[in-house]
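# Fold and contact review
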Amino acid sequence: MKQTKTKKARTSIIGSRKKRPVTEMNITSLIDILTILLVFLIKNVSLDTTNLLPSQKMEMPYSIATDELVKEGKVIPIQIYFDEILYGPDLTPIGTPDAFINDDEIRNATLAAMQHDTEQMLYNNPESPRCILIQADMGIPCRYITRVISVAGVAGFNHIYFSTLHKPGEISELRRL
Amino acid sequence: MRRISESRTAKLSKMTKPINLVPIMNLFLVVIPFLLMIMVTAQMALLEIQLASSGGGDGAGNEGEEEIKEISVAIFDDRLEVKLSNQDKADVLPVIAEGIEDIMQRYDFTELDRMFQNFDEEFPVSDSLKQITGLDLHEALVRIIPSEIVKYQALLLVIDICKMNNFPNIRYSSATTKLLKRN
């Protein structure tokens, strides 16, 4: 008798669970928010800027002023770290900054790669600006920058950009006196 | 009659059937974290400079005493030197405190900024003169000459001060190039 009672009780519980109406979660509002977020992100994210971002190990210098990048043409980045220099859109390792200064072979190979890029730009559009974007750690001595700029100039780049972090607040610090 | 009513109810049930939003949600859950991951949080800025020209262009101060064609800013480890093309002597801004790693505290950028702000007052160019000669102080070339051991941040701060004070024509010269030209 007891068993039959418990069985009945179980079946009644299961039955009540089955009978309970399945309420669907209303995700329409969530979808609305996500759509807005998606549109915002797509608007802000461009694939070009991802290529131009240095890695986390680089301590970026900062600046107050900012110039606009030329709208036409391609920008070739070069990243100068304390231990290596990376060149091109695919960030090919060139060697150490010291090797770039002292080793003629490395410098000539870099010059050849730069010349190849500028010639390609000229071939695609002879009037397009040939831009190089220098991204370097804030503590890098200027001799490396100077050498990179001189090689880039010989290779035919006519627009040199320095990449920095925009800190408009620094102006008040500079002009506080 | 019965058949028609059945088809109507079937149509109605089809019309009221909710759209399956689960695939869209799945898509969003993949795309949004990816976009957030590649999103640039820091605001990047760019500073443009010109390359030092290979030939000529250095003839300074020939057309008049007040004319400033070029402002040279040399950055050394222990000082900043500012020289106008119509002056023989450079203004020297020694470092505020030696041995400090922070570039902002090390060099006297405040004074450099003040100098650039005062250039207009010190060397006024009248409208009539500007019309005749086409000369504008802010069109003057600012030549920046960093020494080899100076840190990159110092160079950028000097360029920054020039740009902030509306001197957009900035040319990069290395100390060695300048020395070679003098010789």
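The shown structure was predicted, so the numbers you read here are calculated from the model rather than taken from an experiment. (Residues numbered from 1 in each chain as written. Chains lettered and ligands numbered in written order. Predicted model: local features only at pLDDT ≥ 70, side-chain atom pairs only at ≥ 80, totals over all residues.)

### Here we look at helix 2 (residues 22-38) of chain B
Because the α-helix completes a turn every 3.6 residues, residues three or four places apart line up on one side. Counted only if it meets this: Strands here are runs of E lasting at least two residues and helices are runs of H or I lasting at least four, both read from the DSSP assignment and numbered beginning at the N terminus. How far a helix is expected to stretch is found by multiplying one less than its residue total by 1.5 Å. Whether a residue is buried, exposed or partly exposed follows from its count of other C-beta atoms within 10 Å of its own C-beta, namely 20 or more, 12 or fewer, or something in between, respectively; the C-beta atoms are built from the backbone.
Taking 1.5 Å of rise per residue, 17 residues should cover 24 Å, and helix 2 of chain B covers 25 Å from first to last C-alpha, within 8% of that figure. Of all 17 residues making up helix 2 of chain B, only zero are buried, and the element is barely covered by its neighbours.

### Thoughts on the confidence of the model for chain B
Residue and element names in this part refer to chain B. Definition in use: Per residue, pLDDT measures the predictor's confidence, with a range of 0 to 100. Any pair of residues counts as being in contact when their C-beta atoms, constructed from backbone geometry, are within 7 Å of one another.
Per-residue confidence for chain B gives a mean pLDDT of 74; residues scoring 70 or more make up 65%. Contacts from residues 54-65, a stretch scored under 50 in pLDDT, to residues over four places away or in other chains number eight contacts. In this model, residues 177-183 is a region of pLDDT below 50 whose contacts with residues beyond four sequence positions or in other chains number three contacts. The ipTM value of the predicted complex is 0.72, and its pTM value is 0.70.

### Let's talk about the interface of chain B and chain A
The criterion, for reference: Residues are grouped as follows: Ala, Val, Leu, Ile, Met, Phe, Trp, Tyr, Cys and Pro are nonpolar; Asp, Glu, Lys and Arg are charged; every other residue, Gly included, is polar.
With 37 residues of chain B at the contact, the number on the chain A side is 42 residues. Top contributing element to the side of chain B that touches chain A by residue count: helix 2 of chain B, with eight residues. Counted by class, the side of chain B that touches chain A contains 27 nonpolar, four polar and six charged residues.

### Focus on the pairing of strand 3 (residues 79-84) of chain B
Residue and element names in this part refer to chain B. Selection criterion: Pairing between two strands requires that DSSP report at least two bridges joining them.
Burial along strand 3 is one-sided: the residues Leu80, Val82 and Leu84 are buried and none of Arg79, Glu81 and Lys83 is. Bridge count between strand 2 (residues 70-75) and strand 3: five bridges; the pairing is antiparallel. Residue pairing for strand 3: isoleucine 75 is matched across the bridge by leucine 80. Linkage of strand 2 to strand 3, two consecutive antiparallel strands, is achieved through a turn of three residues. Sheet topology note: the strand 3/strand 4 (residues 91-94) ladder contains four bridges and is antiparallel. By the bridge assignment, glutamate 81 is partnered in strand 4 with valine 92. A loop of six residues connects strand 3 with strand 4, the two strands running antiparallel in sequence.

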